[in-house]
Protein chains: 2
Amino acid sequence: MSIVLDAMGGDHAPQAVIEGALQALPLLRTTLILVGNQERIRALLPDPIPAGLEIVHASQVVEMHEKPLETYKKKKDSSIMVGVKLVKDGQADAFVSAGNTGAAASTSLLMWRQLDGIHRPAICSQLPNKYGGFALLDAGASPDIDPENILEFALMGRAYAQRVMGRAEPSVQLLNIGEEEGKGNAFSKAAYAILAKQPWFKGNIEGKDMFSKPCDIVVCDAFVGNVVLKTTEGIAELIVETIREGVPKNPIHRSLYWPVRKVIAPLRKQMDYAEVGGSPLLGLNHLCVICHGRSNAKAIKNALLMTQTALENRLVDTIREAITDSAGTHA
Amino acid sequence: MSIVLDAMGGDHAPQAVIEGALQALPLLRTTLILVGNQERIRALLPDPIPAGLEIVHASQVVEMHEKPLETYKKKKDSSIMVGVKLVKDGQADAFVSAGNTGAAASTSLLMWRQLDGIHRPAICSQLPNKYGGFALLDAGASPDIDPENILEFALMGRAYAQRVMGRAEPSVQLLNIGEEEGKGNAFSKAAYAILAKQPWFKGNIEGKDMFSKPCDIVVCDAFVGNVVLKTTEGIAELIVETIREGVPKNPIHRSLYWPVRKVIAPLRKQMDYAEVGGSPLLGLNHLCVICHGRSNAKAIKNALLMTQTALENRLVDTIREAITDSAGTHA
């Protein structure tokens with residue numbers, strides 16, 4: 001097995017990406033292929049190159065602001081294009097990137113195609129709560145969907161929760177603006193009716209309750225999912241900053257504030273996107289893992305470990321089987 | 001001028017509601033009418049009843065779980081129905097309730113009707129950020145809208161920001177899943193095109209940036225707005241609870257943790273919904289202010305003060321004028 005890592009993707013690439021790769025390497029049972037500018041990558045690696053690490057050259061870089069479809073047409077030798085193609089050609093099993101999310105997602109989609117029976121891919125993000133977190137999807141891949149696609153998201157989310165989060169019989173809830181059946185907008189009412197036929201569907205969940213009640217998988221469209229993700233990030237940062245501003249600058253007074261650092265430590269861990277590191281784009285024939293643009297070495301390392309777990313536990317095959325079973329049940 | 005307060009609405013009614021009313025009373029330049037069970041209200045008030053306070057009896061209470069339209073048909077003598085009717089009949093100028101939101105909103109809508117030119121009312125909620133907060137609408141009134149309605153929300157939000165938040169030339173941003181024009185789903189793209197004609201429109205804003213950048217008004221549909229509101233609440237509670245759990249239970253160890261309490265104090269204030277207390281339902285011919293179901297006395301007090309500001313600064317008239325001007329510009 002091997003994982004391709006986009007060495008040029010992200011705000012702190014290639015340094016942070018390569019540092020993360022080197023941290024992950026001792027824990028990987030797969031080959032790791034770094035794709036990008038060979039010279040720049042080589043300069044950041046020890047000599048000789050550690051076992052299990054390979055470099056594949058790509059002469060171009062997709063910038064964060066570039067339009068995904070334009071780069072697909074024009075930058076045929078970008079690290080994203082070369083990396084995704086390695087997987088397509090069977091030379092690797094998964095692609096991981098902290099670069100332009102739209103470009104990584106659309107290149108994977110166009111080159112690998114959707115799994116049979118999947119009409120819309122979804123990004124699956126893990127969010128924290130008091131019970132070990134939950135998977136939210138779609139967190140940003142497919143903004144305009146039909147209510148029917150929510151069933152696909154639910155099946156993909158269940159496969160992720162089983163294979164990556166280790167939940168044996170995960171249940172699915174629909175993000176809605178009220179708990180009872182019949183609440184919501186036209187879309188969520190239609191999605192509810194479709195999900196209600198499934199034994200693992202546990203009804204609606206409100207935005208607040210995702211964080212305070214046990215839940216495995218929360219499904220919604222990508223617009224709502226992305227807003228949840230960004231709101232979570234924004235509030236968490238506002239809170240941490242407000243706390244930080246309350247600590248005196250004077251070093252002597254500051255030293256009395258050690259308990260603050262102590263109580264905030266678990267919070268930082270809980271809210272740190274780098275703890276999971278990446279969010280898989282689900283519904284394609286191979287595995288693409290999207291990392292935060294701001295990824296540090298820790299995020300890259302954890303994204304690689306999550307990707308390894310997903311590969312070893314056959315996440316894509318599990319989704320394929322779930323979709324086939326579901327289609328069989330409906331036929 | 002006078003404000004009607006639903007004495008029976010909310011999880012802690014009538015105690016917390018009446019306590020809040022008594023706290024607000026010295027600061028009110030309006031008459032305050034308490035509507036609800038006369039006997040229960042009377043028992044919670046000092047003797048004699050303070051000047052400026054009146055009681056209007058209502059024999060029924062709308063419970064939190066009841067369906068709004070059913071209560072409208074069946075509970076003709078509920079505190080919500082009687083309160084809203086007092087405003088309709090010109091005996092009061094605004095209605096404030098921490099009771100069943102759907103019932104308060106639909107009763108106001110059905111009895112008072114929308115302002116000419118408004119097709120969908122919106123709940124306008126104030127959220128915290130580093131720059132004195134921003135108004136988010138629609139926070140939950142109209143889940144299924146057309147992109148055209150977003151312009152109405154923007155005009156109403158501007159009136160609120162000017163008249164209640166004291167922003168002289170407030171700008172409006174569209175909540176979206178990307179900053180640049182052309183991002184988003186079909187709905188947000190269409191809404192962008194409509195807003196782009198306005199001089200005060202400042203483009204898209206992402207969920208994260210609302211909390212970290214200066215902004216006055218953020219518009220979105222009620223589904224998205226309500227999810228933002230609830231997500232904010234959920235994350236803030238998760239964080240505060242995680243911090244609280246980090247403080248030792250043992251009283252001696254605990255005493256060393258005083259700095260934690262100190263740094264969290266501004267945070268509590270920042271995240272406390274009770275600081276604003278209520279969210280007006282905008283777009284109707286009169287003012288209805290919705291309070292959180294969990295409202296304590298402080299929330300009720302602050303909601304009453306906000307309502308007074310809105311009345312004294314002619315919020316509803318300002319909206320009426322803005323809508324008329326906008327229609328004139330379009331004609």
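Refer to the structure above for everything that follows.
A brief look at the structure comes next. The structure presented is a predicted model; accordingly, all values stated were derived computationally and were not measured.

Details of the overall build of chain A
A count of helices and strands for chain A gives 12 helices and 11 strands. Over its C-alpha trace chain A gives a radius of gyration of 21 Å, about what one expects of a compact globule, namely 20 Å for 331 residues. In terms of principal-axis extent, the alpha carbons of chain A reach across some 60 × 60 × 35 Å. Within chain A, the fraction of its 331 residues that count as buried is 57%. Here the contacts in chain A between residues at least 6 apart in sequence split such that 70% fall between residues at least 24 apart. Accessible area of chain A: about 13,600 Å², with a carbon and sulfur share of 51%. In chain A, which carries 35 positive and 36 negative side-chain charges, the distance between the mean positions of the two groups comes to 4 Å.

Quick look at the interface of chain A and chain B
Each partner contributes residues to the interface: chain A has 49 residues there, and chain B has 49 residues. Summed over both sides, the interface of chain A with chain B buries roughly 4,500 Å², with 74% coming from carbon and sulfur. Area buried by chain A at its contact with chain B is led by Ile177, Lys208 and Phe223 of chain A, which between them contribute 15% of it. At the junction of chain A with chain B, the criterion picks out six salt bridges. Among the ionic pairs, glutamate 206 of chain B bridges to lysine 230 of chain A, the shortest N-O distance being 2.2 Å. Scanning the region where chain A abuts chain B turns up 10 residue pairs in polar contact (both at pLDDT 80 or more). For the side of chain A that touches chain B, the secondary structure elements donating two or more residues are α7 (186-195), α8 (222-246) and α10 (258-271) of chain A. Tallying contributions element by element places α8 of chain A first for the side of chain A that touches chain B, with 19 residues. Looking at the side of chain A that touches chain B residue by residue, the class counts come to 26 nonpolar, 13 polar and 10 charged.

Comments concerning the pairing of strand β3 (residues 53-57) of chain A
Residue and element names in this part refer to chain A. Pairing analysis gives five bridges linking strand β2 (residues 31-36) to β3, with the strands arranged parallel. What sits directly across from valine 35, in β3, is valine 56. With helix α2 (residues 38-44) bridging β2 and the parallel β3, this β-α-β connection has right-handed handedness.

Topic: the relation of the copies chain A and chain B
The two copies are related by a screw motion: chain A maps onto chain B through a turn of 180° and a shift of 0.0 Å along the axis, at an RMSD of 0.0 Å. This pairing of chains is accounted for by a two-fold axis. The rotation axis passes nearest to the C-alpha of valine 260 of chain A in chain A, at a distance of 2.6 Å. Both copies contact each other with a shared surface, as 100% of the interface residues of chain A are interface residues in chain B too.

Notes on helix α6 (residues 149-163) of chain A
Its 15 residues give α6 of chain A an end-to-end C-alpha distance of 21 Å, which sits within 8% of 21 Å, the value for a rise of 1.5 Å per residue. Among the 15 residues that make up α6 of chain A, 13 are buried, leaving the element largely enclosed by the rest of the structure.

Some remarks on the pattern of salt bridges
Following the criterion strictly, the structure yields 34 salt bridges over all chains and no others. In this structure, arginine 320 of chain A engages aspartate 317 of chain A in a salt bridge whose closest nitrogen and oxygen atoms are separated by 2.7 Å. Taken as a pair, arginine 320 of chain A and aspartate 317 of chain A lie in helix α12 (residues 315-330) at a separation of three residues, close to a single helical turn. A relative accessible area of 34% places arginine 320 of chain A in the partly exposed class. Overall, aspartate 317 of chain A belongs to the partly exposed group, its relative accessible area being 28%. In this structure, aspartate 89 of chain B and lysine 85 of chain B form a salt bridge, with 3.1 Å as the shortest nitrogen-oxygen distance.

Some thoughts on the environment of alanine 139 of chain B
Residue and element names in this part refer to chain B. One can find alanine 139 in the loop between β7 (134-137) and α6 (149-163). Under the relative-accessibility criterion, alanine 139 is labelled buried at 3%. C-alpha of alanine 139 to C-alpha of alanine 92: the two residues are 47 residues apart in sequence and 26 Å apart in space. In this structure alanine 139 touches Ile123, Ser125, Ala222, Gly225, Asn226 and Leu229, once residues within four positions along its chain are discounted.

Rules of the game
- Each residue is numbered by its place in its chain's sequence as written, counting from 1.
- Following the order in which they are written, the chains are lettered starting with A and the ligands numbered starting with 1.
- It should be noted that, the model being predicted, local features are given only for residues of pLDDT at least 70 and side-chain atom pairs only at 80 or more, the latter also being counted only at that level, while totals for whole chains, interfaces and linings use all residues.
- Just so you know, side-chain values use all the structure's heavy atoms and leave hydrogens and water out.
- Secondary structure counts use DSSP, requiring at least four H or I residues in a row for a helix and at least two E residues in a row for a strand, with both numbered from the N terminus.
- A radius of gyration in this sense is built from C-alpha atoms; the matching globule rule multiplies 2.2 Å by the number of residues raised to 0.38.
- Exposed residues in this analysis have more than 50% of their type's maximum accessible area, buried residues have under 20%, and partly exposed residues fall in between, with area computed by a 1.4 Å probe over protein chains only.
- Contacts are assigned to residue pairs with any non-hydrogen atoms lying within 4.5 Å of each other.
- Only the protein chains shown count as cover for residues, and all accessible areas are computed by the Shrake-Rupley method using a 1.4 Å probe.
- Residues scored as charged are limited to Lys and Arg (positive) and Asp and Glu (negative), so that His and the chain ends carry no count.
- Positions of charges follow a simple convention, taking NZ of Lys, CZ of Arg, CG of Asp or CD of Glu.
- A simple way to read buried area is as the amount of 1.4 Å-probe accessible surface that goes missing from two parts once joined, with both sides added.
- We count a salt bridge whenever a side-chain nitrogen from Lys or Arg sits within 4 Å of a carboxyl oxygen from Asp or Glu.
- Counting of polar contacts relies on pairs of N or O atoms within 3.5 Å, with two restrictions inside protein: one atom must be capable of donating a hydrogen and the other of accepting it, and residues adjacent in sequence are counted only when both atoms are side-chain atoms.
- Just so you know the grouping, Ala, Val, Leu, Ile, Met, Phe, Trp, Tyr, Cys and Pro go in nonpolar, Asp, Glu, Lys and Arg go in charged, and all remaining residues, Gly too, go in polar.
- In this analysis, strands are considered paired if DSSP registers two or more bridges between them.
- When the strands point away from the viewer and the path from the first strand over the helix to the second turns clockwise, the crossover is right-handed.
- For the least-squares superposition of copies, only C-alpha atoms count, and only for residues with pLDDT at least 70 in both.
- Helix span, as expected, comes to 1.5 Å for every residue beyond the first.

The analysis is restricted to geometry; functional conclusions fall outside its scope.
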